[in-house]
Each structure stands twice: as structure tokens, then as C-alpha cells.
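Observations on the model geometry
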Amino acid sequence: MKILYFGGGLGNQIFEYAFYLTLKDKFPKEKIYGIYLKSRFKEHVSGLEMEKVFDVKFPPVTSFVAKMLTVILYAYKKLNPNTKYCSLHDTFVNWNAIVFKAFKTDLSFYCYKNDWIRFKNISLSLKNQQVIQQMHEYNSVSIHVRRGDFLSQKYSELLDNIATPSYYSSAIKIVETRLKDIRYFIFSDDIEWCRDNLPVPSNSVFVDWNTEKNSYIDMFLMTHCKANIIANSTFSYWGSYLNKNNPIVIYPKKWINATYYPQIFPSDWIGLESE
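A brief structural summary. Quick caveat: nothing in here was measured; it's all calculated off a predicted structure.

A separate point is the sheet that holds strand 9 (residues 248-252). With respect to topology, six strands assemble into an open sheet ordered 7-6-5-8-9-10, the strand pairing being parallel. Looking at the sheet topology across the chains shown, the edges are occupied by strand 7 (205-207) and strand 10 (270-272). Direction aside, neighbouring strands of the sheet carry axes that sit 20° apart on average. With respect to the sheet, helix 6 (residues 165-178) is in contact with strand 5 (139-145), strand 6 (182-188), strand 8 (227-229), strand 9 and strand 10, its orientation differing from that of strand 9 by roughly 160°.

So this is what it looks like as C-alpha cells:
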């Protein structure tokens, strides 16, 4: 038996699904269950939305026995932090564990798989359809800026001050050496900050209408661009990775304020050092 607990926003959920598929491949005879506590999704208005957005199926909800086993093993881990029964780190995996934090980040889990994740047919507003048309007509470049929760006390120490204004300025300069006739499409939870701080021309499109339960559409739109400038955010990471246009992708090489880094970046993506 293997037990995965899930949580976080859509970008994190895609990583979790990739790890779930890897676990299924590695242990084909094991029963795998999922734990979906509301408290793990409370910061994201849409909750667990993967099955709504993508053609995927998550593992079944844990049985009573599995739930009790998870509680026991969590309590045991507090007494014995190095126990082999739990694998809770974001990047290091103990394959012999019983309980896993599903959020694991490693390119090897999905880079050799084709069509392992596909968007469902999405009903788009006229405004979003027009944006996609423009993305196809121009050398379209998406820019994603994540502020909001990254500035909160809970996350700022780990995630803030990485994708800085100077990072975006450097990324824009690189894109402009490679593409002409560019049209920028800006995605953010703080569009006003973007208007005031991003050095983009006046014909740029600030996509500010896909909010709350429709925010996943921003990720879908990013996949239509010719280039992606991303934040240190799993949301824009997947907006770029799922882009079938073989785009130019620029990302902040320092992804988190920690001593370890997730191995998730394809070799042809361009990593910029923090200034």
C-alpha cells in the first residue's frame, strides 16, 4: 500500500499527478490511495481542480485503514524524524515509504512521457479566443508575475525577491534579441504592479479577466505563445512546459531561497541568475 497526500494550487497538482504516475509505474502491484484534506487546498479557491482542467484521474480516496495508518505514521515521524515510512521532502524521494507528500519535483518523472497530460476541451470566452488569435498572429511572449501569496509571511522567506524587476528586464532584453514584431501578454495576480514596473510597450495585453475559478485559463493561454518568461511559480512553469510551440522559455535560475533546487528545467530553457 502507498498513500499520497495532495494539496496546493494547479501547478503543484500537476507535479503531484506526475509523481503519482511514476509511483504507479514503479509499484504496479501496489494499491495507491489519496488523501485530499480541504486544509491543504484552502488557499486556492478552486481546490483540487486537475480533473476539471485536464483529462486525468487521481487515485481513490483512502480507506479508513489507510487514514488511520497515515495518522499513526505521522505521529511516529515526529518522534523519529528519519523514519523510512514517510517521504515528505519536495525533491528527495524515499521509495520504500508508505506515506508520501505527493508534491515531488523532478523532470525525470515526466520528460520521457508523451501525452500523459492533456487539457480537456475548454469553453473560452470571446475575449480569450481573440487573445489566442493574436498569439498566433504575432511573435507572442507571455510574462507571468506572481506576487500575492509570495509576499505573505508564510512564503516570503522561501519565495520572495527572486523574480525581481531586474530579472524581467533582463529576460525581455534576451527575448528581443531573438524575436521581432513582439506582442507581450501579461499574466499576474497583481496586474497594476505589472503596469507600473514592467518595461513593455503600450500595445501589450494585460490579461486580467480570468479570475478565481477561471484562473486556470491563464495557464492554457500561455501554452499558445512563441516565448514564455516565467516567475518562480509552478503555474507558469507548466504554462511553458505544456506549450507545444517549442517556445523560448526564460526562468529565474534561483527558484527558491534554499540550499537545494528542483531538477525540473529542460536543457534548452534559459536560466537567469538573480541580481
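Here we come to the pattern of salt bridges. The final tally for this structure, using the stated rule, is six salt bridges. For Asp190, the salt bridge goes to Arg147, with nearest N and O atoms at 2.8 Å. Pair noted here: Asp190 is in the loop between strand 6 and helix 7 (191-197) and Arg147 is in the loop between strand 5 and helix 5 (156-159), with a separation of 43 residues, a long-range link. A salt bridge links Asp208 to Arg195; its shortest N-O distance comes to 4.0 Å.

On inspection of all chains with the given rule, the structure shows 30 aromatic pairs. Where Tyr237 meets Trp238, the ring centres are 5.0 Å apart and the plane angle is 85°; that geometry is what we call edge-to-face. Each of the two residues, Tyr237 as well as Trp238, counts as buried. Look at Phe265 and Trp269: their rings are 6.4 Å apart centre to centre, the planes differ by 50°, and that puts the pair in the tilted class. Owing to a relative accessible area of 18%, Phe265 belongs among the buried residues under this scheme. Just above the ring of Phe27 sits the side chain of Lys2; from NZ or CZ to the centre is 4.3 Å. Positioned above the aromatic ring of Trp95, the side-chain terminus of Lys26 is 5.0 Å from the ring centre.

A word on the sheet that holds strand 1 (residues 2-5). Taken in spatial order, the four strands line up as 2-1-4-3 in an open sheet, and their pairing is parallel. The strands lining the two open edges of the sheet, one partner per strand, are strand 2 (32-35) and strand 3 (86-87). Against the sheet, helix 1 (residues 10-26) touches strand 1, strand 2 and strand 4 (99-101), its axis set at about 175° to strand 1.

The next point concerns the environment of Lys104. Along the chain, Lys104 falls in the loop between strand 4 and helix 4 (126-137). Residue classification places Lys104 among the buried residues on the basis of a relative accessible area of 1%. Separated by 86 residues in sequence, Lys104 and Ala18 place their C-alpha atoms 8.4 Å apart. Beyond its immediate chain neighbours, meaning those up to four positions away, Lys104 contacts Phe15, Phe19, Ser87, Leu88, His89, Asp90, Phe92, Val93 and Phe109. A polar atom in the side chain of Lys104 sits 2.7 Å from the backbone oxygen of His89.

Turning our attention to the nonpolar core. Soluble globular proteins: nonpolar side chains tend toward being buried together. Among the nonpolar cores identified, the biggest contains 56 residues, and Leu4, Met50, Phe54, Tyr110, Trp116, Tyr237 and Trp238 are the most heavily contacted of them. Counting residues per element, the ones that place at least two in this core are helix 1, helix 2 (50-53), helix 4, strand 6, strand 7, helix 8 (216-222), helix 9 (234-241) and strand 9. Leaving out residues up to four positions away in the same chain, Trp116 has contacts with Ile14, Tyr17, Ala18, Leu21, Tyr110 and Trp238. Counting residues in hydrophobic clusters, the runner-up holds 25 residues, among them Val145, Ile182, Ile186 and Phe206.

Attention now moves to the packing of helix 1 against helix 9. Running from amino to carboxyl end, helix 1 crosses helix 9 at an angle of 65°, the nearest separation of the two axes being 7 Å. Helix-helix and strand crossings are classified by hand; for helix 1 and helix 9 the assignment is left-handed. Judged by residue contacts, Leu10, Gly11, Asn12, Ile14 and Phe15 of helix 1 engage Thr234, Phe235, Tyr237 and Trp238 from helix 9. Counted by class, the contact of helix 1 with helix 9 contains six nonpolar, three polar and no charged residues.

Turning our eyes to something else, we now look at helix 4. In this model helix 4 runs 17 Å from its N-terminal to its C-terminal C-alpha over 12 residues, within 8% of the 16 Å that 1.5 Å per residue would give. Taken together, the buried positions of helix 4 are occupied by Asn128, Val131, Ile132 and Met135. In an axial view of helix 4, the angular spread of the buried residues amounts to 100°, which keeps them on one side of the axis. Residues of helix 4 that are exposed and angled more than 90 degrees away from the buried face: Leu126 and Glu137.

Criteria and cut-off values
- Residues numbered from 1 in each chain as written.
- Predicted model: local features only at pLDDT ≥ 70, side-chain atom pairs only at ≥ 80, totals over all residues.
- Heavy atoms only, no water.
- Pairing = 2+ DSSP bridges.
- Helix = DSSP H or I, 4+ residues; strand = E, 2+ residues; numbered from the N terminus.
- Axes fitted to C-alpha atoms, helices over the stretch in contact; angles between N-to-C directions.
- Contact = heavy atoms within 4.5 Å.
- Salt bridge = Lys/Arg side-chain N within 4 Å of Asp/Glu carboxyl O.
- Phe/Tyr/Trp six-rings, centres within 6.5 Å; stacked < 30°, edge-to-face > 60°.
- Buried < 20%, exposed > 50% of the residue type's maximum accessible area, 1.4 Å probe, protein only.
- Lys NZ or Arg CZ within 6 Å of the ring centre and 35° of its normal.
- Polar contact = N/O pair within 3.5 Å; in protein donor to acceptor, adjacent residues only side chain to side chain.
- Core = buried A, V, L, I, M, F, W, Y, C linked by side-chain atoms within 4.5 Å.
- Left-handed = near helix turned anticlockwise from the far one by under 90°.
- Nonpolar A, V, L, I, M, F, W, Y, C, P; charged D, E, K, R; others polar.
- Expected span 1.5 Å × (residues − 1).
- Arc of directions from axis to C-beta.

By themselves, these observations are geometric and do not establish any function.
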